[in-house]
Amino acid sequence: MKNIKVAFFDAKPYDIRSFDDANAIYNFKIKYFKNKLNPDTVIQSAGYDVICAFVNDILNKEVINSLYQNSIKLIALRCAGYNNVDLKEVYKKVHVVRVPAYSPHAVAEHAVALILTLNRKIHRAYFRTHDNNFNIDGLLGFDLYNKTAGIIGAGQIGKIVIEILRGFGMKVLAYNPFTEDDAAKKLGFKYVDLDTIYKESDIISLHCPLNKETYHIINKDSIGKMKDNVMIINTGRGQLIDTKELIMGLKNHKIGYAGLDVYEEESDYFFEDFSNEIINDDVLARLLTFPNVLITSHQAFFTKEALKSIADTTLQNIKDFYTEQKMTNEVCYMCDSNNCLKKTTGRCF
Ligand code: NAI
């Protein structure tokens, strides 16, 4: 595998450490680029065989066609979501693989961390006690026990969140386009429609993928159907929420809490240090002013176990491609239909 050249975009020090460790057995030639992949930087892919990309790299029509012209054979995403790839454009040009489940526990546990922190106001208590302020007025929380959680997207991550919240004695409702009755019975939750989730949940947590149906699934209309003082948690993708409507809901006290690990326009800010700069994104800046909003910088995946698993699976995906193995982690826009060849040939095309 020594001669396979991988251009690795948006490389952070922790990526370099985990991929260098995992690459000891594969020996790919990896060149780490600090910058993201986009129409201006795609020129860097010339001379490589594979590109390795992350959540905020841009893989639109223009970038894909440049990659194709540069003879890139494989796009190896080191993440689960692939909403940043124009799957129709890439079809029959460049294969796309991803890491479907590196640690669903990491993301689920972070979602629950956001719930607990917001509810018991740990983020505020931390600063108070550091300032010798031991007053607890204003830090009142509520028992999770017997409250109702609504999970939108009961896949791998959603089901782990359900299991944890059931451990607190919460009632759990879930919406998913298809149902798994065994899972519902085993974990003790109930499938309902979206309106019931909105109407009955004290906490709503988003664990569905971003697609045409889920874009701005949390909007003026759905917020209007929610309970007063509802808590909204998003560790899915920023564009699941219409952020301006979320801010309206916070301002008029309809929404009591928001825990956001992702944000619609995160690619300009998340993962970078702007502590010496001015934030020009007024929507993000407004969100940061609310005491009942907690923003983390797309770090739900960020555990030791997840980083190791991401590196191992990404490099194995590349090896599978070059050794003519079945590519179980390949994705294409037809994967959900019978027209995708993966089920029969092991590759989408
Ligand atoms: P999954 O594919 O196992 O589960 C997603 C579930 O959502 C599936 O059961 C699917 O049927 C359901 N779904 C599809 N369309 C839906 C709709 N319109 N409404 C409601 N549910 C719908 O995926 P997994 O591993 O649980 O990940 C979920 C999402 O979490 C990913 O798509 C990704 O965007 C996000 N994620 C975020 C991370 C972070 O660090 N913040 C890390 C990993 C994933």
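Predicted model, so just to flag it, every value in this text is computed and none were measured.

**A few points about the sheet that holds strand β7 (residues 171-175)**
For step 1, the next point in the chain: Sheet architecture is open: 7 strands sit in the order β8-β7-β6-β9-β10-β11-β12, paired in parallel fashion. In the strand order of this sheet, the two ends are held by β8 (190-191) and β12 (293-295), each with one partner.
For step 2, the next point in the chain: As paired elements, β7 and β8 share 2 bridges and run parallel to each other. Bridge assignment links leucine 173 to a residue of β8, and that residue is lysine 190.

**Focus: the site of the ligand**
For step 1, the next point in the chain: Around the ligand, the surrounding shell holds 25 residues, and the nearest of these are Tyr102, Gln156, Ile157, Asn176 and Thr235.
For step 2, the next point in the chain: Here an oxygen atom of the ligand and a backbone polar atom of isoleucine 157 are 2.9 Å apart.
For step 3, the next point in the chain: Within the contact set of the ligand, a nitrogen atom lies 3.0 Å away from a backbone nitrogen or oxygen of threonine 235.
For step 4, the next point in the chain: A class-by-class count of the residues in the shell around the ligand yields 12 nonpolar, 10 polar and 3 charged.

**A closer look at the domain arrangement of the protein**
For step 1, the next point in the chain: Here the protein is partitioned into domain 1 (5-102 + 303-345) and domain 2 (104-295).
For step 2, the next point in the chain: If you look at the interface, domain 1 gives 14 residues, while domain 2 gives 9 residues.
For step 3, the next point in the chain: Roughly 960 Å² of surface becomes buried between domain 1 and domain 2 when both sides are summed, with 53% attributable to carbon and sulfur atoms.
For step 4, the next point in the chain: Across the contact surface, domain 1 and domain 2 share 2 salt bridges.
For step 5, the next point in the chain: In this structure, glutamate 272 and lysine 12 form a salt bridge, with 3.1 Å as the shortest nitrogen-oxygen distance.
For step 6, the next point in the chain: In this assembly, domain 1 and domain 2 are joined by 3 residue pairs in polar contact (both at pLDDT 80 or more).

**So, the environment of aspartate 273**
For step 1, the next point in the chain: Positionally, aspartate 273 belongs in the loop between β11 (255-260) and α11 (282-287).
For step 2, the next point in the chain: On a C-alpha basis, the gap between aspartate 273 and isoleucine 310 in space is 24 Å, while along the polypeptide they are 37 residues apart.
For step 3, the next point in the chain: Of the polar contacts made by the side chain of aspartate 273, one reaches the side chain of serine 275; its length is 2.6 Å.

**Comments concerning unusual backbone geometry**
For step 1, the next point in the chain: Residue asparagine 229 is not a glycine yet carries a positive backbone phi of 75°.
For step 2, the next point in the chain: Along the chain, the position of asparagine 229 falls in the loop between α9 (220-224) and β10 (230-234).
For step 3, the next point in the chain: Even without being a glycine, histidine 298 presents a positive backbone phi close to 50°.
For step 4, the next point in the chain: Along the chain, histidine 298 falls in the loop between β12 and α12 (304-322).
For step 5, the next point in the chain: According to the relative accessible area criterion, histidine 298 is buried, its value standing at 7%.

**Quick notes on the pattern of salt bridges**
For step 1, the next point in the chain: Applying the stated criterion to the full structure yields 11 salt bridges.
For step 2, the next point in the chain: Here lysine 159 and glutamate 180 are joined by a salt bridge, their closest N and O atoms 2.8 Å apart. Remark: glutamate 180 occurs in the loop between β7 and α7 (181-187) and lysine 159 occurs in helix α6 (residues 156-167); sequence separation between them is 21 residues.
For step 3, the next point in the chain: Connected through shared salt-bridge partners, Asp10, Lys12, Lys36 and Glu272 make up one network.

**A short note on the confidence of the model for the protein**
For step 1, the next point in the chain: Averaged over every residue, the pLDDT of the protein is 96; the share at 70 or more is 100%.
For step 2, the next point in the chain: Across the protein, element-level confidence peaks in strand β9 (residues 203-206) with a mean pLDDT of 99 and bottoms out in helix α13 (residues 342-345) with 91.

About the thresholds
Residues numbered from 1 in each chain as written. Predicted model: local features only at pLDDT ≥ 70, side-chain atom pairs only at ≥ 80, totals over all residues. Heavy atoms only, no water. Pairing = 2+ DSSP bridges. Helix = DSSP H or I, 4+ residues; strand = E, 2+ residues; numbered from the N terminus. Near = heavy atom within 4 Å. Polar contact = N/O pair within 3.5 Å; in protein donor to acceptor, adjacent residues only side chain to side chain. Nonpolar A, V, L, I, M, F, W, Y, C, P; charged D, E, K, R; others polar. Domains from an automatic or database assignment. Contact = heavy atoms within 4.5 Å. Buried area = accessible area lost by both parts, 1.4 Å probe. Salt bridge = Lys/Arg side-chain N within 4 Å of Asp/Glu carboxyl O. Buried < 20%, exposed > 50% of the residue type's maximum accessible area, 1.4 Å probe, protein only. pLDDT = per-residue confidence, 0-100.

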